[in-house]
Amino acid sequence: MERIASAVSRTLEDERGRWLLDARHSSNANELALTGRIDGIIVSVVIDRTFIDETGTRWIVDYKSSSHEGADLEGFLASEQERYRPQLERYASLMRHVGPEPIRLGLYFPLLSAWRSWLPAGR
C-alpha cells in the first residue's frame, strides 16, 4: 500500500501527472476496456488512461510503477519504452477504430516522475 500511496502522491505533485489526470480533457477514460481484431485475431485490452488533449490529439498512457536505482535513468527509461512499445502499439491499433484523432503513446513512471512519449508506428 505504501508504494501505491507514494505513486499517487508523486503523481499529484508532478506537473505532468496532474496534466495526465486532468478531467477537463475530452473523451477521457481510465481502465478503458477495448476488444477488436488485430491481424485477424480477437484481442481484449485495458488501457490505463486515454484522453483527447487541447490540440485534438488522442493520448494512450500506460502507468508503470517501476523503480530504478543507479546512474543510468535515461537508459532504463529507453529500455522500458522498448519493452512496452508492442503493448502500446496494440492499444493504438484498436483505438484507431474509435475515432479519427491523431494518436500519441506515453509511459508515465510516477515513482520516478518520468515520462516517455512517441508516435505510434505507421503514423
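See above for the structure.
Values in this document were obtained by computation on a predicted structure and should not be read as measured data.

Regarding the sheet that holds strand β1 (residues 26-38)
Here comes step 1: Within the open sheet, the five strands sit side by side as β1-β2-β3-β4-β5. Their pairing is mixed. Since the sheet does not close on itself, it has two edges, and those belong to β1 and β5 (114-118), each with one partner. Taking each pair of neighbouring strands and ignoring which way they run, the sheet shows an average axis angle of 35°.
Here comes step 2: The pairing of strand β2 (residues 41-52) with strand β3 (residues 58-63) spans four bridges and is antiparallel. Counterpart to R49 in the pairing with β3 is V61.
Here comes step 3: Across the sheet, helix α3 (residues 73-95) is in contact with β1, β2, β3, β4 (103-109) and β5; its angle to β4 comes to roughly 135°.

Things to note about α3
Here comes step 1: Helix geometry: α3 is bent most strongly at R85, by close to 45°, with proline P86 lying one to four residues after it.
Here comes step 2: For α3, the complete set of buried residues consists of F76, L77, E80, Q81, Y84, L88, E89, Y91, A92, L94 and M95.
Here comes step 3: Each element contacted by the buried residues of α3 is listed here: β1, β2, β3, β4 and β5.

Here's the deal with the packing of aromatic side chains
Here comes step 1: As enumerated under the stated definition, the model contains five aromatic pairs in all.
Here comes step 2: Aromatic pair W19 and W59: ring centres 5.4 Å apart, planes at 90°, arrangement edge-to-face. Residue W19 is located in helix α2 (residues 15-21), and its partner W59 is located in strand β3; the two are separated by 40 residues in the primary sequence.
Here comes step 3: Taking the relative accessible area as the measure of exposure, W19 reaches 21% and is therefore partly exposed.
Here comes step 4: Among the residues examined, W59 registers a relative accessible area of 7% and is labelled buried.
Here comes step 5: Ring centres 6.0 Å apart and planes at 80° place the aromatic pair Y63 and Y108 in the edge-to-face group. On the criterion of sequence distance, the pair formed by Y63 in strand β3 and Y108 in strand β4 is long-range, its members being 45 residues apart.
Here comes step 6: Y63 sits in the partly exposed class, given a relative accessible area of 23%.
Here comes step 7: These aromatic residues form a ring-pair network of at least three members: W19, F51, W59 and W115.

Analysis parameters
Residues numbered from 1 in each chain as written. Predicted model: local features only at pLDDT ≥ 70, side-chain atom pairs only at ≥ 80, totals over all residues. Heavy atoms only, no water. Pairing = 2+ DSSP bridges. Helix = DSSP H or I, 4+ residues; strand = E, 2+ residues; numbered from the N terminus. Axes fitted to C-alpha atoms, helices over the stretch in contact; angles between N-to-C directions. Contact = heavy atoms within 4.5 Å. Bend = angle between axes of the 7 residues up to and from the residue. Buried < 20%, exposed > 50% of the residue type's maximum accessible area, 1.4 Å probe, protein only. Phe/Tyr/Trp six-rings, centres within 6.5 Å; stacked < 30°, edge-to-face > 60°.

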